[in-house]
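The chain contents come next:
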Amino acid sequence: MCLGIPGKVVSKGGDFAEVDFGGVKRQVSLLFCPEAEVGDYVLVHVGFAIQRLEEEDALQTLKLLQELGEQYLELEEGGA
Amino acid sequence: MNWRREEPEAARALVKEIARLVEGPLRLMEVCGTHTVSIFRAGIRAMMPPELELISGPGCPVCVTPTGEIDRAVELARRPEVVLLTFGDLMRVPGSRGSLAQARAEGADVRVILSPLDAVAVAEGEPRKKVVFFAVGFETTSPAIAWAVKEARRRALENFYLLPCQRLIPPAIRALLSAGRTGVDGFILPGHVSVIIGRAPYLFIAREFGLPGVITGFEPLDILEGILMLLRQKREGRAAIEIQYRRAVKEEGNPLALGLMEEVFRPADARWRGLGSIPSSGLLLRDGFSEMDAVQAFDLPYEEVKDPLGCLCGEILQGLKRPPDCPLFGRGCTPEAPIGPCMVSSEGTCAAYYKYGGVST
């Protein structure tokens, strides 16, 4: 029930924004996330943006994990 | 949840590292229904070494709502002057005198809403009805519910009421640990609850109980990394609350959301299915808003109700039993005809076991 869905802010007016969820657009309250600007990604729960998502952070986590993956692959190849 | 193309290698590496670090029997508990579903969908239980057991705790708001609260909502819904608004997951939870879905089939005006934004709109659109919002949810949802209360006040709506049934996660973890019945070695802490509350409310887990916790995201790789972070703490003899889900969770949470929650609600003792009454684990409207409290406005006493005979939802929510241990699981209690809430909710542990198959560990 605590599902949070990321979407992209496409327009902004007052406390509300239009947010694009992969093609489906919805009105979302920015009351808890007023710093979100057009083009930002926000995490949305029951019609409210609860956090601006740092896209770079997401990519960095993935990169870190990929590096870990490569390290293990090398070890495996070396041991084979 | 499907694995993305680039993920299997990273996952394989994480699983190997997890297997390398496990030193003996270990039980890690997730306290979030979205984690439960993600773990099952991605098959993470099956990837774990045999010593490592993943158990589900009281992490689904629908599941922890006791029958007595469902009964109050059903009773309200059956009053002719009431429109009862609810999140969809609660519709089919059996009360002792039927579910909200049954009440609707019998003519009650029960409506499913997706957002508290809709709740205010319904009340404004139907001034001659008494509109009651059955407010179930954890800290993730309560700020949005607080907005509805404040907005109803701002629009001077006199027909908007709240049936407050929200619950708070940290007091439930404290109750679980204090009871000492559930052997837990660490917690996979909820991601979106923590977006709101931040890291500090969990510190007691490490300080008072000496256990590690990692606030974890919902992608399969997030969960594997969260488990790995817990194992590293164990290996290093540390107990701390760490954040894996850094792309969404800030140290301090979301102060604007917390501020509104604080303005509208005050903590109060609350009943949980399986766990009984837990101090300061629920939210009630503060004095300035209490005339919107449906329990007071409609004079609804709480009646304690026993769980259906044989139903082990209470034990399952504490991680004391697994769904296959329940005599009703798959034999009378199925997602199509559920008896207990853990089978009703899409995020319930029993529903996840039933849908994805339990792996014995």
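Residues numbered from 1 in each chain as written. Chains lettered and ligands numbered in written order. Predicted model: local features only at pLDDT ≥ 70, side-chain atom pairs only at ≥ 80, totals over all residues.

Participant: Run through the overall build of chain B, naming residues and quoting values.
Facilitator: When its secondary structure is counted, chain B shows 17 helices and 11 strands. The C-alpha radius of gyration computed for chain B amounts to 21 Å, which stays within 12% of the reference 21 Å derived for 361 residues, consistent with globular compactness. Dimensions along the principal axes, computed over C-alpha positions, put chain B at roughly 65 × 45 × 40 Å. Across the 361 residues of chain B, 57% fall into the buried class. Pairs at least 24 apart in sequence give 76% of the contacts found in chain B among residues at least 6 apart. (Helix = DSSP H or I, 4+ residues; strand = E, 2+ residues; numbered from the N terminus. Rg over C-alpha atoms; globule rule 2.2 N^0.38 Å. Buried ≥ 20, exposed ≤ 12 C-beta atoms within 10 Å, placed from the backbone. Contact = placed C-beta atoms within 7 Å.)

Participant: Tell me about unusual backbone geometry, and name the residues and values.
Facilitator: Even without being a glycine, Val46(A) presents a positive backbone phi close to 35 degrees. Examined against the element boundaries, Val46(A) turns out to sit in the loop between strand S4 (41–45) and strand S5 (48–53). Phi angles above zero are rare outside glycine, and Ala156(B) is one such case at about 55 degrees. Structurally, Ala156(B) can be placed in the loop between helix H8 (142–154) and strand S6 (160–166).

Participant: I'd love a proper account of the sheet that holds strand S7 (residues 186–189) of chain B, names of residues and values included.
Facilitator: Residues and elements named next belong to chain B. Strand order in the open sheet made by the 5 strands is S2-S1-S7-S8-S9, with parallel pairing throughout. Unpaired on one side and paired on the other, strand S2 (52–56) and strand S9 (241–243) mark the two borders of the sheet. The sheet shows a mean angle of 20 degrees between the axes of neighbouring strands, taken without regard to direction. In this sheet, S9 lies alongside strand S8 (residues 213–215) in parallel orientation, the contact comprising 3 bridges. Across the sheet, residue Ile215 finds its bridge partner in S9, namely Ile243. (Pairing = 2+ DSSP bridges. Axes fitted to C-alpha atoms, helices over the stretch in contact; angles between N-to-C directions.)

Participant: Which residues make up the interface of chain B and chain A, and what are the values?
Facilitator: If you look at the interface, chain B gives 40 residues, while chain A gives 25 residues. Among the elements of the structure, helix H1 (7–21), helix H2 (33–41), helix H4 (61–64), helix H7 (116–125), H8, helix H10 (191–197), helix H12 (220–235) and helix H13 (255–264) of chain B are those that each provide at least two residues to the side of chain B that touches chain A. At 6 residues, the largest contribution of residues to the side of chain B that touches chain A is made by H1(B). For the side of chain B that touches chain A, the residue count by class is 23 nonpolar, 8 polar and 9 charged. (Nonpolar A, V, L, I, M, F, W, Y, C, P; charged D, E, K, R; others polar.)

Participant: How would you explain the nonpolar core if you had to name every residue and give the values?
Facilitator: If you look at the biggest cluster of nonpolar residues, it comprises 145 residues, and the most contacted ones within it are Val42(A), Ala49(A), Ala77(B), Leu84(B), Val132(B), Phe134(B) and Leu163(B). Counting residues per element, this core draws most heavily on H12(B), which supplies 8 residues. (Core = buried A, V, L, I, M, F, W, Y, C linked by C-beta atoms within 7 Å.)

Participant: How would you summarise the pairing of strand S10 (residues 265–272) of chain B if you had to cite specific residues and measurements?
Facilitator: Residue and element names in this part refer to chain B. Strand direction decides the pairing type here: S10 and strand S11 (residues 276–285), joined by 7 bridges, are antiparallel. Among the inter-strand pairings, Ala268 is bridged to a residue of S11, identified as Gly282. Counted between consecutive antiparallel strands, the loop separating S10 from S11 contains 3 residues, among which Gly274 sits at a positive phi close to 85 degrees.

Participant: Tell me about the confidence of the model for chain A, and please be specific about residues and values.
Facilitator: Mean pLDDT over chain A stands at 77; residues scoring 70 or higher make up 68%. Below a pLDDT of 50 lies the segment residues 71–80 of chain A, which in the model reaches 4 contacts outside its immediate sequence neighbourhood of four places, other chains included. (pLDDT = per-residue confidence, 0-100.)

Participant: Break down H13(B) for me, with residues and values.
Facilitator: Turning to H13(B), its buried residues number three or more, namely Ala257(B), Leu260(B), Met261(B) and Val264(B). Down the axis, H13(B) shows its buried residues gathered within 100 degrees of arc, on one side only. Lining the buried residues of H13(B) we find S5 of chain A together with H8, H10, S10 and S11 of chain B. (Arc of directions from axis to C-beta.)

Participant: A description of the packing of H7(B) against H8(B) should follow, citing residues and the corresponding values.
Facilitator: Each pair of packed helices gets described by two things: the angle between the helix axes and the distance between those axes. Residue and element names in this part refer to chain B. As a packed pair, H7 and H8 sit with axes 8 Å apart at the nearest point and diverge in direction by 25 degrees. Viewed along their axes, H7 and H8 adopt a mutual orientation that is roughly parallel. As H7 packs across H8, the resulting crossing turns out to be right-handed. Listed contacts from H8 to Pro116, Ala119, Val120 and Ala123 of H7 are Ala144, Ile145, Trp147, Ala148, Glu151 and Ala152. Among the residues making up the contact of H7 with H8, the classes are represented as 9 nonpolar, no polar and 1 charged. (Parallel < 35°, antiparallel > 145°, perpendicular 65-115°, else oblique. Left-handed = near helix turned anticlockwise from the far one by under 90°.)

Participant: Before we move on, can you summarise the environment of Leu100(B) with the specific residues and values?
Facilitator: All names here are of chain B. If you trace the backbone, Leu100 turns up in helix H6 (residues 100–105). When the 27 C-beta atoms within 10 Å are taken as the criterion, Leu100 is described as buried. Taking the C-alpha atoms as reference, Leu100 lies 45 Å from Arg12; in sequence the two are 88 residues apart. For Leu100, the contacting residues outside a window of four places in its chain are Ala73, Val74, Ala77, Leu84, Thr86, Leu90, Met91 and Val110.

Participant: Account for the environment of Ile70(B), naming residues and giving values.
Facilitator: Residue and element names in this part refer to chain B. In this fold, Ile70 is placed in helix H5 (residues 67–77). On the basis of neighbour counts, which here come to 26 C-beta atoms within 10 Å, the residue Ile70 falls in the buried class. Between the alpha carbons of Ile70 and Leu90 there is a distance of 8.4 Å; along the sequence they are 20 residues apart. Apart from the residues lying within four places of it in its own chain, the contact partners of Ile70 are Thr65, Val93 and Gly95.

Participant: I'd love a proper account of the domain arrangement of chain B, names of residues and values included.
Facilitator: The parts lose accessible area when they come together, and the size of an interface is often stated as this lost area. Residues and elements named next belong to chain B. The assigned domain composition of chain B is domain 1 (7–55 + 169–234), domain 2 (62–168 + 253–297) and domain 3 (313–354). On a C-alpha basis, the centroid separation for the pair domain 2 and domain 3 is 25 Å. Contacts between domain 2 and domain 3 engage 11 residues on the former and 13 residues on the latter. Grouping the amino acids of the side of domain 2 that touches domain 3 by side-chain chemistry returns 6 nonpolar, 2 polar and 3 charged. (Domains from an automatic or database assignment.)

Participant: I'd like a description of the sheet that holds strand S5 (residues 130–137) of chain B, backed by residues and values.
Facilitator: Residues and elements named next belong to chain B. As summarised here, the arrangement of the 4 strands in space is S4-S3-S5-S6, forming an open sheet in which the pairing is parallel. Of all the strands in the sheet, the pair left with one neighbour each is strand S4 (109–112) and S6. The mean angle between the axes of side-by-side strands here comes to 20 degrees, regardless of whether they run parallel or antiparallel. In this sheet, S4 lies alongside strand S3 (residues 82–86) in parallel orientation, the contact comprising 4 bridges. The residue bridging Leu85 from the neighbouring strand is Arg111, located in S4. Across the sheet, H5 is in contact with S3, S4, S5 and S6; its angle to S3 comes to roughly 140 degrees.

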